[in-house]
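Chain and residue survey
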Amino acid sequence: MLPVIETIPLRQMASGDRLYLQLYKFIGAQPGKKVYIQSNLHGAEIAGNAVIHQLIEFLLTINDTDLAGEIWLVPVCNPMGTNERAHHFSPGRYCLYEAKNWNRIFWDYEKEADNLIVFTKSQLNIDPKVVRQNYLTIIQQQFAKILGKINSPSGVPYTELFGYKLQNISLDADYLIDLHTSTNQALDYLYYFRNRDDSAKYFGFDFGILLDKYDGDAFDEAFIKPWLALEACFKELGRDIKFDVEAWTLELGSGMQMNPDSVAKGLRGVKNYLVQKGVLQVSNLSDDTKTHEMTFTSSSKRKKYYAIAGGMIQSRIELGSSVKAGDKLYEIFSFNKEGKLPSVIHVCAQQDGLVYDVATNQAVNEGEFVLGIVS
Ligand SMILES: [Zn+2]
């Protein structure tokens, strides 16, 4: 099947040139869920582009009768981030002009849903599918107000314009997948939200991190938090509803790289997820996720280690190692300017866990990231 391809103007630059988003819509023969997948929101995190590229190649080989619903794909979803360079390196994590993280800029309806309890009470005896539609309509009405600001003479800062453009094409999705990597070097894992453990297993990853502590205004959070809030509100009023709305952030290895294993794992995971959710109706995809053991932990159990002195990191423990409290993690050697010989500091683990992320740069100023452990 062929996709419908749309280009969406994003921004005009000082030179007069324009940036665009390009959206690939694969539309199935049968109605069904809408899946939205984007990659490269952070500029250095390019592995997801390979996943989308291979997903497009795969979808071209199937028939529209093999697809229920729609799959919308937006690779290189943040041209400003993707194209940014500092010598060979892609920084691309922040909008430098506004000093904002590109993944902390999104509009979150939950923050302005002051009358959620009133709405929920009005929906207590209504079919969940209708509730889903009623609530989505309210979210969309509120979201549409941003367009008024964008089109006003005073305009909006670029991050707001950019956030609007991405959310405008994803807000009504049922399943949303945001493909990231570490900025540094990391394992493959996924972030998920409460009550979605069962679907998390479909991706076939070794471990998943429950977002029990929010960073605020991230793309996945902004999408699903209003729905989690509504579920919680129903629960308080004695009605158990779980909407079939899911958001995932897949972390596919290291920044500035497209590690073939990470890409393959991401692609296999996304395909299997789509099969398990009934979107892709192809029978010949292998599924080892039913027996795959997945470790679940939560974001509050992540511990980031920051350099306790400036200097050079050496003898660092390997990415993917399991550590016990007290095990040595790394050494820092520092030259001083106090007329003394160089010193070496040994840094040990405060807790048991798995080393899931390590810095690419072995030179650190005091207070810079060295490695991350999840327990
Ligand atoms: Zn990222």
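Anything mentioned here points back to the structure above.
The model shown is predicted, which means the values in this text are computed figures rather than measured ones. (Residues numbered from 1 in each chain as written. Predicted model: local features only at pLDDT ≥ 70, side-chain atom pairs only at ≥ 80, totals over all residues. Heavy atoms only, no water.)

Remarks on empty space enclosed by the protein
- All told, the structure shown has two cavities of 30 Å³ or more when counted by the stated rule.
- If you add up the space inside the second largest cavity, you get close to 40 Å³.
- Along its surface, the second largest cavity is lined by Trp107, Asp108, Tyr109, Ile139, Leu171, Ala222, Phe223, Pro226 and Trp227.
- Here the lining of the second largest cavity gets four residues from one element, more than from any other, and that element is helix H7 (residues 219-236).
- Among the residues forming the lining of the second largest cavity, the class breakdown is eight nonpolar, no polar and one charged. (1 Å grid on protein atoms, 1.4 Å probe; cavity = no way out; pocket = protein on both sides within 12 Å on 5 of 7 lines; lining within 4 Å. Points joined across faces, edges and corners; volume = space filled by probe spheres on them. Helix = DSSP H or I, 4+ residues; strand = E, 2+ residues; numbered from the N terminus. Nonpolar A, V, L, I, M, F, W, Y, C, P; charged D, E, K, R; others polar.)

Notes on the coordination of the zinc ion
- Protein coordination at the zinc ion: the donors are His42 (ND1), Glu45 (OE), Glu45 (OE) and His180 (ND1), at 2.0 to 2.7 Å from the metal.
- Each of the four donor atoms bound to the zinc ion contributes to angles spanning 53 to 142 degrees, and the resulting shape is irregular.
- The motif formed by the donor residues of the zinc ion, counted along the single chain, is H-x2-E-x134-H. You can see histidine 42 sitting in the loop between strand S3 (30-39) and helix H1 (47-61) and its partner histidine 180 sitting in strand S7 (residues 175-180), a full 138 residues away along the chain.
- Under the relative-accessibility criterion, histidine 42 is labelled buried at 3%.
- The exposure class of histidine 180 is buried, given its relative accessible area of 2%. (Donors = N, O, S within 2.8 Å, 3.2 Å for Na, K, Ca; no water. Tetrahedral: all angles 85-135°; square planar, octahedral: opposite > 155°, others 65-115°. Buried < 20%, exposed > 50% of the residue type's maximum accessible area, 1.4 Å probe, protein only.)

Describing the layout of surface pockets
- Roughly 910 Å³ of internal volume is contained in the largest pocket.
- Every residue lining the largest pocket is counted, 36 residues in all, and those nearest its centre are Glu45, Arg93, Ser182, Thr183 and Asn184.
- Elements that contribute at least two residues to the lining of the largest pocket include exactly strand S9 (188-192), H7, strand S11 (246-252), strand S13 (302-306) and strand S18 (353-358).
- Looking at which element gives the most residues to the lining of the largest pocket, the answer is S13, with three residues.
- Residues lining the lining of the largest pocket come from more than one domain, with at least three contributed by each of domain 1 (4-293) and domain 2 (302-374).
- Within this model, the second largest pocket holds a volume of roughly 250 Å³. (Domains from an automatic or database assignment.)

Details of the packing of aromatic side chains
- This structure, assessed with the given rule, holds 23 aromatic pairs.
- Taken together, a centroid distance of 5.1 Å and an interplanar angle of 15 degrees make the contact between tyrosine 189 and phenylalanine 207 stacked. With a gap of 18 residues between them, tyrosine 189 in strand S9 and phenylalanine 207 in strand S10 (residues 207-210) connect regions that are remote in the sequence.
- Judged by relative accessible area, which is 3%, tyrosine 189 ranks as buried.
- Joined through ring pairs, the aromatic side chains of Trp107, Tyr109, Phe119, Tyr135, Phe143, Tyr164, Trp227 and Phe243 make up one cluster.
- It is lysine 34 that lies over the ring of tryptophan 72; its NZ or CZ is 3.5 Å from the centre. (Phe/Tyr/Trp six-rings, centres within 6.5 Å; stacked < 30°, edge-to-face > 60°. Lys NZ or Arg CZ within 6 Å of the ring centre and 35° of its normal.)

Section: the environment of tyrosine 189
- Between the alpha carbons of tyrosine 189 and glycine 372 there is a distance of 13 Å; along the sequence they are 183 residues apart.
- Sequence-distant contacts of tyrosine 189, that is, excluding residues within four places in its chain, are made with Phe205, Phe207, Ile209, Thr249, Leu250, Glu251 and Tyr356.
- At 3.4 Å, the side chain of tyrosine 189 forms a polar contact with the side chain of tyrosine 191. (Contact = heavy atoms within 4.5 Å. Polar contact = N/O pair within 3.5 Å; in protein donor to acceptor, adjacent residues only side chain to side chain.)

Some details on the pattern of salt bridges
- Per the counting criterion, the structure on display carries 18 salt bridges.
- A salt bridge links lysine 225 to glutamate 110; the shortest N-O distance between them is 3.4 Å. Taken as a pair, lysine 225 in helix H7 and glutamate 110 in the loop between strand S6 (100-101) and helix H3 (116-122) lie far apart in primary sequence, 115 residues in all.
- By relative accessible area, which is 10% here, lysine 225 ends up buried.
- A salt bridge links glutamate 246 to lysine 277; its shortest N-O distance comes to 3.0 Å. Of this pair, glutamate 246 sits in strand S11 while lysine 277 sits in the loop between helix H8 (260-276) and strand S12 (295-298), and the two are 31 residues apart along the sequence. (Salt bridge = Lys/Arg side-chain N within 4 Å of Asp/Glu carboxyl O.)

What to know about the sheet that holds strand S14 (residues 311-314)
- Ordered by their spatial adjacency, four strands build an open sheet running S17-S16-S14-S19, and the pairing between neighbours is antiparallel. Strands at the two margins of the open sheet, each flanked by one partner only, are strand S17 (343-348) and strand S19 (363-364).
- In the sheet, S14 pairs with strand S16 (residues 328-334) via three bridges, with the strands oriented antiparallel. Following the sheet pairing, isoleucine 313 is matched in S16 by isoleucine 332. (Pairing = 2+ DSSP bridges.)

Side note on a nonpolar patch on the surface
- Side chains of Ile117, Val118 and Leu237 sit close together on the surface and give an oily, nonpolar patch of about 220 Å² of accessible area.
- Turning to its location among the elements, valine 118 is positioned in helix H3.
- The exposure class assigned to valine 118 is exposed, which follows from its relative accessible area of 55%. (Patch = residues over 30% accessible without salt bridge, like charges linked within 9 Å, V, L, I, M, F, W, Y side chains within 5 Å. Areas by Shrake-Rupley, 256 points an atom, 1.4 Å probe, with all protein chains shown as cover.)

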